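A structural walkthrough
Listed here are the chains, written in short residue letters.
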Amino acid sequence: MRLICVDCGHTHPPALSYACEACGGILEVQGESGLEPPREVALLASMWRHAGRLCINDPANIVSLGEGLTPMRRAPRIEAALPGFHGEVWLKDETRNPSGSFKDRLVSAGIGKALELGARGVICASSGNAGASTAAYAARAGMPAIIVVPAHTPAGKLTQIAAYGAILLLVEGHYSRSYDLALGLARQAGFANLTTTFLNPWAVDALKLTGLEIFEQLGRVAPSHVLIPTGSGPLVKGVAQGFTETGATPKLVAVQAEGCAPIVRAFEAGAEAVTAWDTPRTIASGISDPLIGYERDGSYTLKLVRRSGGLAVSVSDAALRDAMRDLARLEGVYAEPTGASPLAALRRLLAEGRMPPDARAVCMITGHGFKDGAAFADMPARTHRVADPADVAAVARLCDHAMAEQG
Ligand SMILES: *Cc1c(COP(=O)(O)O)cnc(C)c1O
Ligand SMILES: [Zn+2]
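Residues numbered from 1 in each chain as written. Chains lettered and ligands numbered in written order. Predicted model: local features only at pLDDT ≥ 70, side-chain atom pairs only at ≥ 80, totals over all residues. Heavy atoms only, no water.

**Observations concerning the environment of Glu-36**
For Glu-36, the location among the structural elements is in the loop between β3 (27-30) and α1 (41-44). For Glu-36 and Gly-339, which are 303 residues apart along the polypeptide, the C-alpha to C-alpha distance reads 34 Å. (Helix = DSSP H or I, 4+ residues; strand = E, 2+ residues; numbered from the N terminus.)

Here's what the structure looks like:
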């Protein structure tokens with residue numbers, strides 16, 4: 001295995017390297033470990049089923065909590081609620097990862113490789129989920145972890161990171177400031193940097209299995225579209241890479257929030273280079289990434305989206321709330337705002353005639369609702385206070401009334 005620059009092709013030995021020595025470009029892993037499939041049942045029920053496709057050479061360095069191999073389900077009630085739609089909607093349920101987001105895939109691979117390459121600890125700059133994931137896997141591995149997050153990160157995510165026992169640093173301002181601090185700290189402490197932009201090639205590499213899982217779970221056929229909540233874009237790359245090997249080519253849809261949409265802005269302008277976003281404002285904390293200082297991550301992602309024949313689209317916070325509500329009420333899926341963004345995007349694209357009504361669309365539900373319960377707080381709920389629990393008849397009438405109101 002070695003690292004290769006996606007921009008200039010310069011190759012590097014397998015090390016904890018985060019950028020091309022020649023041009024500063026994004027590095028990716030070339031080659032695979034070729035490990036035998038693991039024997040342990042718990043590992044076989046995780047992405048490590050494909051250990052040979054990943055980057056860890058010594059099985060003793062695998063750090064797993066049961067990540068990946070997440071369920072994919074058809075969403076018939078959501079399909080029925082889409083006007084004029086006669087295709088298929090599938091939900092790839094990444095909320096089912098151990099810490100509640102798909103970041104566990106990256107972190108499991110990245111921390112194992114950090115162990116293999118001799119790192120003493122791990123650092124991660126995060127908008128919340130990657131930090132929670134890193135803290136969880138560091139606990140599992142018995143490694144020290146430092147997590148750097150914006151001070152305004154949703155409380156549920158902060159609680160989760162603190163619970164796993166990591167050192168948690170709160171930084172005022174947008175995510176890119178946390179990113180810079182983590183870069184400096186990792187250098188100073190000699191820790192591995194697990195920040196889940198395109199920084200850590202060993203971590204990003206594991207996401208290719210996401211595309212492969214979708215292909216297998218659809219019965220070895222490709223969807224027409226995969227809708228992906230997009231910050232800097234490693235997940236877009238992972239899905240694209242996974243499908244490359246299958247010969248199938250779904251259109252990739254990068255979904256961003258209207259209040260932080262640097263990739264969508266460049267897509268709509270027909271530009272090649274993504275420029276940073278000034279002031280992110282959205283409830284979708286998982287994709288609130290202005291890309292300041294690593295704009296080239298966004299440009300790379302945009303290139304992959306275009307190469308797939310796909311598109312980039314933004315959604316409003318109001319549309320996110322509708323999508324969160326409908327995922328929960330129509331399909332029993334509790335997603336954080338970011339995780340619901342693919343459904344909001346699907347609606348928008350169908351309504352605008354930018355996606356065919358017979359599409360076979362996969363929505364990547366990337367993060368769990370438990371992480372940001374506050375985002376549901378102002379949603380109309382059907383909650384009633386019971387004055388007299390002994391008066392069953394009265395309570396039954398109240399329920400009848402409530403059911404009739406719902407229609
Ligand atoms: C990090 C994150 C994303 C964005 O992923 P990128 O690969 O950074 O583009 C999407 N959804 C959730 C829930 C996330 O935590
Ligand atoms: Zn290079």
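**Brief notes about the side chain of Ser-99**
Assignment of secondary structure puts Ser-99 in the loop between β5 (88-93) and α3 (103-116). Dropping the residues within four chain positions of it, Ser-99 is found in contact with Asp-104, Ala-132, Ser-133, Gln-160, Tyr-164 and Lys-371. (Contact = heavy atoms within 4.5 Å.)

**Digging into the nonpolar core**
Core analysis: the largest hydrophobic core is formed by 87 residues, its most contacted members being Val-89, Val-226, Leu-227, Leu-327 and Leu-346. Take this core: its biggest share by element is seven residues, from helix α13 (residues 337-351). Lining this core are residues from two domains, each supplying at least three of them: domain 1 (72-98 + 207-376) and domain 2 (103-200). Discounting chain neighbours no more than four positions away, the residues touching Leu-346 are Leu-82, Val-89, Leu-227, Met-355, Ala-361 and Cys-363. By size, the runner-up hydrophobic cluster in this structure holds 22 residues, among which are Val-63, Ile-111, Val-122 and Tyr-137. (Core = buried A, V, L, I, M, F, W, Y, C linked by side-chain atoms within 4.5 Å. Buried < 20%, exposed > 50% of the residue type's maximum accessible area, 1.4 Å probe, protein only. Domains from an automatic or database assignment.)

**Here we look at the coordination of the zinc ion (ligand 2)**
Within the first shell, the zinc ion (ligand 2) binds the protein through Cys-5 (SG), Cys-8 (SG), Cys-20 (SG) and Cys-23 (SG), at distances of 2.2 to 2.4 Å. Coordination at the zinc ion (ligand 2) is tetrahedral, judged from the four donor atoms that bind it and the angles of 102 to 116° they form at the metal. Coordination of the zinc ion (ligand 2) draws on donor residues from a single chain, spaced C-x2-C-x11-C-x2-C in sequence. You can see Cys-5 sitting in strand β1 (residues 2-5) and its partner Cys-20 sitting in the loop between β2 (11-12) and β3, a full 15 residues away along the chain. Here Cys-20 falls in the buried class, since its relative accessible area comes to 5%. (Donors = N, O, S within 2.8 Å, 3.2 Å for Na, K, Ca; no water. Tetrahedral: all angles 85-135°; square planar, octahedral: opposite > 155°, others 65-115°.)

No statement about biological role is implied by the geometric values presented.
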